[in-house]
Amino acid sequence: MENYVFKETDLTIMYDVKSGCFLDISNAEESEYDKLYCNVFSDIPSKKDCFACEGTRLGRVSFVTTQGCNLKCKYCFAEGGTYNSTKQVIMSADTMKDAFRYLCEKYPDGINLVHFFGGEPMIGYGSIREFVAWCSEFCEKNDLVMPKYSIVTNGTIMDDNVFGFLNEYGVNMVVSIDGTKELNDHARISNTIKSVYDRIVYNFKELPSERNFKIGCELTINKIHILKYKSGIVKEWLDDVRSIGFNYVTIGVAETDNPECKITIDDKETLQSIEREVIDYFFNRYLEEDDFISVEIMSLLRQMAKKTKALSCGAGYNSITVMPTGEILPCYQFYHDDKFLMGRITETDEIIFEKIKEQFKNNFADDSEECRECWMKNQCTIHCKGFSYNSSGSLSSVAHVRCWLLEAAMKRLMYNIAKLKKDEDEYNKFIDKLYQLNSRYAYNKRMV
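Notes on the structure in this doc start here.

## Concerning the pattern of salt bridges
Counted under the stated rule, the structure contains 21 salt bridges. A salt bridge links Asp94 to Lys97, with the shortest nitrogen-to-oxygen separation between them at 3.9 Å. Of the two residues, Asp94 and Lys97 both sit in helix H2 (residues 93–106), 3 residues apart, roughly one turn of that helix. By relative accessible area, Lys97 is classed as buried at 12%. The partner of Arg242 in a salt bridge is Asp239, with the nearest N and O atoms 3.7 Å apart. Highlighted residues: Arg242 and Asp239, both in helix H8 (residues 233–244), separated by 3 residues, approximately one helical turn. When its relative accessible area of 28% is taken as the criterion, Arg242 is described as partly exposed. Among the charged side chains, a salt-bridge network with shared partners connects Glu8, Asp280 and Arg412.

Here it is, written out as structure tokens:
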């Protein structure tokens, strides 16, 4: 497939698969498409193959700081945050330190991002705080660029001391919240908290706008969103979480067999309608305001502008996970299968580590005929080896719910950009705003 033509609302757009460029062809006759493609796209170079993180700095280490959680979310992939543990396990600060030292030996220029995950990581807040203070000193002593820090949390365990720590070390925080109170409290539940939504609002509503860290939210679309959707309502959902004070949002889809949350092929049209409204919401905000942005849209726009193909999931080589007792995995999604164990901090096996690292460098999406024939293949950033393996036993299987979301997002983004290009001043304003946002949300890297 060289080109892909689609209609989005009132525009017809031609997309060049090899280069990622596109053109509004609404005024062209279908009989002119082939000639138009040759005239416009034939001299535009194809996106080049690209491979991530072949270097001396690791993209991310994720510390699963706890095997335990104070919530019982209906779509949790990790058995209620326990990862099948029969008791609550908290990662010690010493294990974090040992893991960081070990990875810095393998990646002598350090690590871009240290990511605290769970379970609920704030159950192990004491270890996190001790490690971050130590890590800052360690990097300064060893002439390493300081990593960024982030915590993914359910937002229910917070106080002024925690916020003081986040501010002191610039630790960004991502709070899981699925929209309005009705939407959030459908799947995100607790045995001890009456309303998880109300607790989050209470904890974050009064944060000062001037602070040394960002707070994002992670919104997981599930069956309740499908059932409650009506045209125009997505703006209400997003305005609701924006009002709490979050700087950005990342939007995903529940990947679960729980019938209360699972999205099926029958929901595809509604899911894509939701995503189109998400794109319109943030595209309009980028033109006027930048206090609340979409991580996925920024990532996709960045990828569309690149001259290289999209990268495969970085698990196992650009991103490493360490479990509470020191096991090293490509990703926390592989917690249940020892054949992906890369080693342990206390007893590393370099041969096994490198073997699995090399295995995961493969872009497994290329193994799927469905992916090879897809018009989005050079732009796709949503292939997840962990979810593919857990859902089918294969690292290369297709996660269709993610595909549906990406398809709607790409088409709607191109539509909005094509419309905006009709006004050169507004288009240039939009591009300038994207550059500003990109610089503000980029990770630290060693300057050459």
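## Concerning the sheet that holds strand E8 (residues 148–153)
Within the open sheet, the 10 strands sit side by side as E12-E11-E10-E9-E8-E7-E4-E13-E14-E15. Their pairing is mixed. Strand pairing shows two members of the sheet lacking a second neighbour, strand E12 (293–294) and strand E15 (343–344), which therefore form its edges. Bridge count between E8 and strand E9 (residues 171–176): 5 bridges; the pairing is parallel. Bridge pairing links Tyr149 to Val171 in E9.

## Let's talk about the pairing of strand E7 (residues 111–117)
Across the 7 residues of E7, 7 count as buried, placing the element largely inside the fold. Sheet topology places strand E4 (residues 58–64) next to E7; 6 bridges connect them, and they run parallel. Bridge pairing in E7 links Ser62 to His115. Note: E7 against E8, 4 bridges, orientation parallel. Of the residues in E8, the one forming a bridge with Leu113 is Lys148. For the segment spanning E7, helix H3 (residues 125–141) and E8, crossover handedness is right-handed.

## As for the pairing of strand E1 (residues 3–8)
Along any regular strand the residues' side chains alternate between the sheet's two faces. Residues Tyr4, Phe6 and Glu8 of E1 are buried on one face, while the alternating residues Asn3, Val5 and Lys7, pointing to the opposite face, are not. Strand direction decides the pairing type here: E1 and strand E2 (residues 11–16), joined by 6 bridges, are antiparallel. Each residue of the ladder has a partner; that of Val5, found in E2, is Met14.

## Overview of the sheet that holds E1
If you trace the 3 strands from one edge of the open sheet to the other, you get E1-E2-E3, paired in antiparallel fashion. One side of each edge strand has no neighbouring strand; the edge strands of this open sheet are E1 and strand E3 (22–24). Geometrically, the sheet is characterised by an average inter-axis angle of 20° between neighbouring strands, direction not taken into account. This element, helix H14 (residues 400–420), spans E1, E2 and E3 of the sheet and lies at about 110° to E2.

## Digging into the side chain of Glu277
Along the chain, the position of Glu277 falls in helix H9 (residues 268–288). Among buried Asp, Glu, Lys and Arg side chains, Glu277 stands out as unpaired, with Arg276 the closest opposite charge at 7.9 Å. Setting aside its immediate chain neighbours within four residues, Glu277 contacts Tyr229, Lys230, Ser231, Gly232, Ile233, Val234 and Lys235.

Parameters and conventions
Residue positions are counted from 1 within each chain, in the order its sequence is given. The predicted origin of the model limits local features to residues at a pLDDT of at least 70 and limits the giving and counting of side-chain atom pairs to 80 or more, whereas totals for whole chains, interfaces and linings rest on all residues. Hydrogen atoms and water are omitted, and side-chain values are computed over all heavy atoms in the structure. Salt bridges are defined as contacts in which a side-chain nitrogen from Lys or Arg sits within 4 Å of a carboxyl oxygen from Asp or Glu. Think of it this way: any DSSP run of H or I at least four residues long counts as a helix, any run of E at least two long counts as a strand, and we number them from the N terminus. Relative accessibility decides the category of a residue: with a 1.4 Å probe and only protein chains considered, values under 20% of the type maximum give buried, values over 50% give exposed, and everything between is partly exposed. Pairing between two strands requires that DSSP report at least two bridges joining them. With strands facing away from the observer, any crossover in which the path from the first strand over the helix to the second runs clockwise is taken as right-handed. Lines fitted to the C-alpha atoms define the axes, with helices restricted to the stretch that makes contact. Angles between their N-to-C directions range from 0 to 180 degrees. Throughout, a contact is declared for two residues whenever any of their heavy atoms are within 4.5 Å. Neither His nor the chain ends is counted toward charge; the positive residues are Lys and Arg and the negative residues Asp and Glu.

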